[in-house]
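Residue strings, one per chain:
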Amino acid sequence: MEKHLFKQYALNDWMNEVISKLGFYEPTAIQAKVIPEALKGKDIIGQSETGSGKTHAFLIPLLNKLDINQSETQIVLTAPTRELAIQIYDEVKKIMQFSVNEDIWRAKLIIGGTDKKRMVEKMKQPPHIVVGTPGRILDLIQEGVLDIYSARSFVIDETDLMLELGLIEEIDRILTNADPDIQVMVFSATIPEKLQPFLKKYLNAPLYVNIDDRLAPEKLEHRLIDLRHREQADVIFDISKIIQPYLAIIFTNGKEKANQLAEQLQTKGLEVGLIHGGLNQRERKRVLKEIQQLKYQYIVATDLAARGIDIKGVSHVINAELPKEESFYLHRVGRTARAGMEGTAINLYHEEDIALIKKLEKKGLTFTFYDVVKGEWREAKAWNVRQKRERQESDIEKKAWQQTRKPKKVKPGYKKKMKKQQQRVKKKLARNQFKKK
Ligand code: AMP
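Procedures and definitions
- Residues numbered from 1 in each chain as written.
- Predicted model: local features only at pLDDT ≥ 70, side-chain atom pairs only at ≥ 80, totals over all residues.
- Heavy atoms only, no water.
- Helix = DSSP H or I, 4+ residues; strand = E, 2+ residues; numbered from the N terminus.
- Rg over C-alpha atoms; globule rule 2.2 N^0.38 Å.
- Buried < 20%, exposed > 50% of the residue type's maximum accessible area, 1.4 Å probe, protein only.
- Contact = heavy atoms within 4.5 Å.
- Areas by Shrake-Rupley, 256 points an atom, 1.4 Å probe, with all protein chains shown as cover.
- Lys, Arg positive; Asp, Glu negative; His and termini not counted.
- Charge placed at Lys NZ, Arg CZ, Asp CG, Glu CD.
- Pairing = 2+ DSSP bridges.
- Axes fitted to C-alpha atoms, helices over the stretch in contact; angles between N-to-C directions.
- Salt bridge = Lys/Arg side-chain N within 4 Å of Asp/Glu carboxyl O.
- Phe/Tyr/Trp six-rings, centres within 6.5 Å; stacked < 30°, edge-to-face > 60°.
- Parallel < 35°, antiparallel > 145°, perpendicular 65-115°, else oblique.
- Left-handed = near helix turned anticlockwise from the far one by under 90°.
- Nonpolar A, V, L, I, M, F, W, Y, C, P; charged D, E, K, R; others polar.
- Core = buried A, V, L, I, M, F, W, Y, C linked by side-chain atoms within 4.5 Å.

**Side note on the overall build of the protein**
Next up, step 1: A count of helices and strands for the protein gives 17 helices and 15 strands.
Next up, step 2: The C-alpha radius of gyration computed for the protein amounts to 28 Å, which surpasses the reference 22 Å derived for 437 residues by more than 25%, pointing to a less compact arrangement than a globule.
Next up, step 3: When its C-alpha atoms are laid out on the principal axes, the protein stretches across 105 × 45 × 45 Å.
Next up, step 4: Taken across its 437 residues, the protein has 50% of its residues classed as buried.
Next up, step 5: Sequence separation of at least 24 residues holds for 73% of the intrachain contacts in the protein that already meet a minimum separation of 6.
Next up, step 6: By element, 49% of the accessible surface of the protein is carried by carbon and sulfur atoms, the whole surface being about 22700 Å².
Next up, step 7: Taken together, the 76 basic and 59 acidic charged side chains of the protein have centroids lying 14 Å from each other.

Written out as structure tokens, the structure reads:
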């Protein structure tokens, strides 16, 4: 068996073996903080993005604690969307397959959009592990098909999205059916104020873990390109000629724009996939599969569609439009620079985005200014430097006019003459200012 740094946690032998088979050698930052505490049964609030390795931060300790001799439900894992639930379920399955427990454990995926009757049928023997979306889980509890009182651990993934989609109320109702001493683990990229009452209600002296080191400048670069009068598709096409993305996600703020941009880029010859909330379940599944099969080098996406989906190897995030809120920016760029890889975020911006950029800078992000000129990256002036220069220019302009004399007798064409004179004065003033520097 390969040696790996998870050994320090005194996990079961079989789990250590699974970790080797998964190809994990070193715990990620969130895993290092969460695994030992989760093993002890502590309630945890993990603030981290998708890509930090958070799924295994809860799967490894919780599955390690599973008691095969007990036939009741022991672990409940919830996610806000079907895709996210499927993704967690797939990871559970993988761990099961890599272990000796494949035939002993029962894990069930409980999501909407599937045949409920068949699901009820399959639930006759309670699953050890339940993975699902809140609506269907609550539904089965209320019908008396699923009993989670025996569960010892409960995970809420992408909790901020749960809140946004109004699913926290369902989680609340699910938890009223659980043992009050159940271990609750909450994972979220942001912890909105509105979530506090819920956290107070269900978490007992939780450990708070905040991992945002993936946004550190050495791993993730944030570039800004002033869009000016140009079309997004044109600039992105120019960028595509100088970057060699393994996979780039291009974000827009809505599905109409996403449709339009994807089409424009396809016309230009790029291999572009499209994913947004307007697609039906089957179409989304197809696109996700094609993405996994590396059919595309570029994916145009909207926020909700891309949230939390584990797309491997995203090397670039391009914001064709910057979002209105900081948290959305963090979510978007969280798609790249994952699990120790490097990544680049390229943002096309307009003047109205500057407020957002300033806020993000306050959070510690560093932006660099670039443009694409003749098929090459070129460093550009920052908006504040440019503003200063524009201000200086207009000061000189004014001064020059003040020093321009109006002729005593006005003859035809005097305005032209004055303008010429003003230009001369302006040049002189600019020269003097330059010398002063
Ligand atoms: P997640 O944040 O859970 O979506 O995980 C992001 C990706 O990192 C997944 O593809 C995991 O398989 C991978 N991953 C998780 N933990 C580790 C680790 N310790 N070492 C290497 N890769 C990992």
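**Quick notes on the sheet that holds strand β3 (residues 107-110)**
Next up, step 1: Strand order in the open sheet made by the 7 strands is β3-β4-β2-β5-β6-β1-β7, with parallel pairing throughout. Of all strands in the sheet, those bounded by a partner on one side alone are β3 and β7 (207-210). Geometrically, the sheet is characterised by an average inter-axis angle of 10 degrees between neighbouring strands, direction not taken into account.
Next up, step 2: Direction of pairing for strand β2 (residues 75-78) relative to strand β4 (residues 129-132): parallel, over a ladder of 4 bridges. For leucine 77, the partnering residue across the bridge sits in β4 and is valine 131.

**Some details on the pattern of salt bridges**
Next up, step 1: In total, this model carries 18 salt bridges according to the counting rule given.
Next up, step 2: With a closest N to O distance of 4.0 Å, glutamate 17 and lysine 21 form a salt bridge. With glutamate 17 and lysine 21 both in helix α1 (residues 13-22) and 4 residues apart, this pair spans about one turn of that helix.
Next up, step 3: On the accessibility criterion, glutamate 17 (37% relative accessible area) is partly exposed.
Next up, step 4: Among the residues examined, lysine 21 registers a relative accessible area of 45% and is labelled partly exposed.
Next up, step 5: Between aspartate 371 and arginine 228 there is a salt bridge, with its nearest N and O atoms 3.1 Å apart. With a gap of 143 residues between them, aspartate 371 in strand β14 (residues 367-373) and arginine 228 in the loop between β8 (220-226) and α10 (232-240) connect regions that are remote in the sequence.

**Quick notes on the sheet that holds β14**
Next up, step 1: Read from one edge to the other, the open sheet built from 8 strands follows the order β10-β11-β9-β12-β13-β8-β14-β15, with strand pairing classed as mixed. Pairing within the sheet leaves two strands with one partner each, and these edge strands are β10 (272-275) and β15 (376-379). Direction aside, neighbouring strands of the sheet carry axes that sit 30 degrees apart on average.
Next up, step 2: In terms of strand pairing, β8 meets strand β13 (residues 343-349) through 7 bridges, oriented parallel. Paired with leucine 224 across the two strands is asparagine 347, which belongs to β13.
Next up, step 3: Lying over the sheet, helix α11 (residues 255-267) contacts β9 (248-251), β10 and β11 (298-301), oriented at roughly 170 degrees with respect to β10.

**Topic: the environment of isoleucine 299**
Next up, step 1: One can find isoleucine 299 in strand β11.
Next up, step 2: C-alpha of isoleucine 299 to C-alpha of glutamine 422: the two residues are 123 residues apart in sequence and 53 Å apart in space.
Next up, step 3: If we skip the residues at most four places from it in the chain, isoleucine 299 touches Leu247, Ala248, Ile249, Ile250, Gly273, Ile275, Ile291 and Ile311.

**Overview of the packing of aromatic side chains**
Next up, step 1: This structure, assessed with the given rule, holds 7 aromatic pairs.
Next up, step 2: Between tyrosine 349 and phenylalanine 369, the ring centres sit 6.2 Å apart and the planes meet at 80 degrees, which makes this aromatic pair edge-to-face. A residue pair is termed long-range when its members are at least 10 positions apart, and tyrosine 349 in strand β13 and phenylalanine 369 in strand β14 qualify at 20 residues.
Next up, step 3: Considering the side-chain rings of tyrosine 370 and tryptophan 377, the 5.6 Å spacing of their centres and the 70 degrees angle between planes classify their relative orientation as edge-to-face.

**Points about the packing of α1 against helix α4 (residues 82-98)**
Next up, step 1: Packing of α1 against α4 leaves a shortest axis separation of 9 Å and a crossing angle of 115 degrees. Relative to α4, the element α1 is oriented roughly perpendicular. Crossing of α1 against α4: the hand is right-handed. Counting all contacts with α1, which are made through Trp14, Met15, Val18, Lys21 and Leu22, the residues of α4 involved are Lys94, Ile95 and Phe98.
Next up, step 2: Of the residues in the contact of α1 with α4, the class split is 6 nonpolar, no polar and 2 charged.

**A short note on the nonpolar core**
One recurring pattern in soluble globular proteins: nonpolar side chains tend to sit buried together.
Next up, step 1: Residues Met15, Val34, Phe58, Leu77, Val92, Ile129 and Met185 are the most contacted members of the largest nonpolar core, which totals 41 residues.
Next up, step 2: Element by element, the count of residues in this core is highest for α4, at 7 residues.
Next up, step 3: Not counting the four nearest positions on each side in its chain, leucine 77 is found in contact with Phe58, Leu59, Leu62, Ile88, Val92, Ile129, Val130, Val131, Gly132 and Val155.
Next up, step 4: By size, the runner-up hydrophobic cluster in this structure holds 30 residues, among which are Ile168, Ile171, Leu175 and Tyr202.

**Comments concerning the pairing of β8**
Each regular strand shows side chains that alternate between the opposite faces of the sheet.
Next up, step 1: Within β8, 6 of the 7 residues are buried, leaving the element largely enclosed by the surrounding structure.
Next up, step 2: Examined bridge by bridge, β8 and β14 share 4 bridges and lie parallel to one another. Within β14, the position partnered with arginine 223 by the bridge is threonine 368.

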